[in-house]
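Coordinate analysis (summary)
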Amino acid sequence: MSRGVLKKWGVCLVLFFLFSACKPESAPPLPPVEEEGRFSPESLVQFGRRVVFGTDRPVLNEGGRLPVGKGQCAFCHMFVAGQKSDRCPDLRNVEARSNQRPKEDRYRKFSEKFGDSGEPKTGMKPHAVSGGEYLIESLYCPSCYMPEGQGPKGAVGMKSAMPVMTAPPMALSDYEIVSVVAYLQEKDTPGDYSRVTAKQDWEHYFGKKLSLPEKAPDGFPGNEATLKKTALGTDTPDVIIEKMGCFVCHKIPTVSLARTGVIGPLLVLKTNAQKRIASPEYQEALREDRVKATTPKEYVRESITHPGAFVVEGFSDAMPTDYRRKFTVGALEKLVDFLLTLDEELAMQEERERFGEVEEEEEEEEERPGSLRGRE
Ligand code: HEC
Ligand code: HEC
């Protein structure tokens, strides 16, 4: 073999171990796309709350006022009982109310009035068809609709006292407005993101795709929410196991959190990975091209990223199937290497110690053999 060929294969092998680049079928995917994280309902809501209040935890001060962020909403609107606010619409339960607004007879009058030349200040024509679109429209064009009770009775087409949010001084970007609306959609049912459709509402209302701001605005959470749910190369194996919930189903020797799971097998892959591969069932699956692993490392990696490909005898196909989207490449390698250091002997020793009611043992801080840390 020529040196060139050898070199090529060498590079390929190195790449294979680092990224599985030479075997795309079983390669772990790229880390979750940043964009996806930033458009996730959790991220939008969190950022929206910051735009509204300037903080993640708005609390009433002694004077009954809420903190005010870039959007300045709480100067005028009421968000919680006991809050001093001006005579603008109460924004408690605004999500439920928003769904009714476009259906109001009065809304039809506004959209007729501004149907030809648009609302004078913004040129926009009221055309919301859903609650989310109504909320979006309210921020781009406050005068496009004023609910009953705002302005003189019966008057249609008055100028709203609410500033256009895209104009100075607020000058909110499209992304910020979508985030604020996401927050409005979540705030009445905290933690329930099922009504958070702000991005889709925006895209339907304007008939184009929402893009990320070129530069991260102040207070931009990035994809913090997503990162909390992603296994990272900088996490320790214990942290990965905790974040990913492996301990719910698996007993994992040396991991104090993972002592009770019985839905999946005891994870002693140093003992078992090779046995699994050698089993007639796995060999058959290999011939039928349902699985790909020929080494313990590949087997463990495959078990995590494609759990349904081979189901260990005596267990059901119950393992979550979305881990391949939740691990970065580095995290997967780290966890796989860690799991391959655990054998039956270790598990038995641990059982014996626990059986003997040994004191809650000292936390093992020392580097585990096989951890990738040394190589990074
Ligand atoms: C200077 C005071 C002021 C500020 C600041 C302000 N608003 Fe308003 N807002 C109003 C007034 C007045 C109305 C009622 C007239 C109208 O519909 O335009 C209104 C209406 C609304 C409505 C429609 C409510 C309904 O029941 O139909 C929404 C939603 C809303 N505002 C959200 C916001 C949000 C979110 C912010 C901050 C990003 C904000 N407003 C900032 C004064 C304000
Ligand atoms: C909801 C329960 C559940 C969770 C959570 C879960 N697993 Fe599993 N796992 C199973 C079951 C059931 C099996 C056996 C069936 C199969 O092979 O798919 C299994 C099999 C495995 C195997 C093959 C074990 C062997 O002995 O061949 C590995 C490796 C594994 N899981 C690792 C993990 C890791 C790592 C995590 C966390 C990132 C995890 N599992 C999370 C249920 C789970």
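Nothing here was measured: the structure is a model prediction, and the numbers come from that model. Numbers given to residues run from 1 along each chain, matching the order in which its sequence is written. Ligands are numbered from 1 and chains lettered from A, in the order in which they are written. Selection of residues for local features in this predicted model requires a pLDDT of at least 70, selection of side-chain atom pairs for listing and counting requires 80 or more, and totals for whole chains, interfaces and linings are taken over all residues.

Some remarks on the site of ligand 2
A residue counts as near a molecule or strand when its C-beta atom, positioned from the backbone, falls within 6 Å of it. Among the 27 residues in the neighbourhood of ligand 2, the closest are listed as Cys-246, Cys-249, Gly-264, Ser-303 and Phe-315. Starting at the N terminus, helices and strands are each numbered in turn, a helix being any DSSP run of H or I of at least four residues and a strand any DSSP run of E of at least two. If you list the elements that add at least two residues to the shell around ligand 2, you get α12 (269-278) and α14 (296-305). Under the convention adopted here, Pro, Cys and the residues Ala, Val, Leu, Ile, Met, Phe, Trp and Tyr are nonpolar, Asp, Glu, Lys and Arg are charged, and Gly plus all remaining residues are polar. Of the residues assigned to the shell around ligand 2, the class counts are 19 nonpolar, six polar and two charged.

Focus on the site of ligand 1
Around ligand 1, a shell composed of 24 residues is seen, among which Gly-71, Cys-73, Cys-76, Ser-160 and Met-162 lie nearest. Going through the elements one at a time, α4 (73-76), α5 (94-100) and α7 (131-140) are the ones with two or more residues in the shell around ligand 1. Its residues assigned to classes, the shell around ligand 1 comprises 16 nonpolar, six polar and two charged.

Describing the environment of Ser-43
With respect to the helices and strands, the residue Ser-43 is situated in helix α3 (residues 41-53). Between the C-alpha atom of Ser-43 and that of Ala-182, which follows or precedes it by 139 residues, the distance is 9.3 Å.

Some details on unusual backbone geometry
A cis amide bond links Pro-168 with the next residue in sequence, Pro-169, at an omega value of 5°. Note that Pro-169 resides in the loop between α7 and α8 (174-186). In this model, Asn-93 sits at a positive phi of 60°, which is unusual for a non-glycine residue. The phi angle at Asp-289 is positive, at roughly 65°, despite the residue not being glycine. Examined against the element boundaries, Asp-289 turns out to sit in the loop between α13 (280-287) and α14. The exposed category is assigned to Asp-289, around which 8 C-beta atoms lie within 10 Å. Put simply, a residue is buried when 20 or more other C-beta atoms lie within 10 Å of its own C-beta and exposed when 12 or fewer do; between those, it is partly exposed, and each C-beta is set from the backbone.

Describing α14
Within the span of α14, buried status applies to Tyr-299, Val-300, Arg-301, Ser-303, Ile-304 and Thr-305. The elements touched by buried residues of α14 are α12 and α15 (329-339). By definition, residues are in contact whenever their C-beta atoms, placed on the basis of the backbone, come within 7 Å of each other.

Points about the nonpolar core
Most often, soluble globular proteins keep nonpolar side chains buried together rather than apart. Definition of nonpolar core: a set of buried Ala, Val, Leu, Ile, Met, Phe, Trp, Tyr and Cys residues joined via C-beta atoms within 7 Å. Of all hydrophobic cores here, the largest spans 36 residues; its most connected members are Leu-44, Ile-177, Val-178, Val-180, Val-181 and Ala-182. Every element with two or more residues in this core is listed here: α3, α4, α7, α8 and α9 (198-206). Among the elements that line this core, the one with the most residues is α8, at eight residues. Once you skip the residues sitting within four places of it in the chain, Val-181 turns out to touch Gly-132, Leu-135, Ile-136, Ala-198 and Asp-201.

Thoughts on the environment of Cys-144
Inspection of the secondary structure assignment puts Cys-144 in the loop between α7 and α8. Each C-alpha atom of the pair Cys-144 and Phe-114 lies 7.6 Å from the other, and the pair is 30 residues apart in sequence. Residues contacting Cys-144, with those up to four places away along its chain left out, are Phe-110, Phe-114, Glu-119, Met-124, Pro-126 and Glu-137.

Looking at the packing of α7 against α9
To get an axis, fit a line to the C-alpha atoms, keeping to the stretch in contact for a helix; angles then go from 0 to 180 degrees between the N-to-C directions. Where α7 meets α9, the axes come as close as 8 Å, and the angle between the chain directions of the two elements is 75°. Compared by their axis directions, α7 and α9 come out roughly perpendicular. Facing Gly-132, Glu-133, Ile-136 and Glu-137 of α7, the residues of α9 in contact are Ala-198, Asp-201, Trp-202, His-204 and Tyr-205. Considering only residue class, the contact of α7 with α9 consists of four nonpolar, two polar and three charged. Every angle not falling under 35 degrees, over 145, or within 65 to 115 is termed oblique; those three ranges are roughly parallel, roughly antiparallel and roughly perpendicular.

As for the confidence of the model for the chain
The pLDDT value expresses, per residue, how confident the predictor is, ranging between 0 and 100. When pLDDT is averaged along the chain, the result is 83; 80% of the residues meet or exceed 70. Across the chain, the secondary-structure element scoring lowest on mean pLDDT is helix α1 (residues 3-19), at 48, and the one scoring highest is α7, at 98. Contacts of residues 11-33 to residues separated by more than four positions or lying in other chains number 30 contacts, the stretch itself having pLDDT below 50. Within the model, the stretch residues 361-376 combines pLDDT values under 50 with 16 contacts to residues more than four positions away or in other chains.

A closer look at α9
Of the positions making up α9, those classed as buried are Ala-198, Lys-199, Asp-201 and Trp-202. The arc that holds the buried residues of α9, viewed along the axis, is 160°, so those residues lie on one side. Directly after α9, the chain includes Gly-207, whose backbone phi takes a positive value near 65°. By definition, the arc is the one covered by directions from the helix axis to the C-beta atoms.

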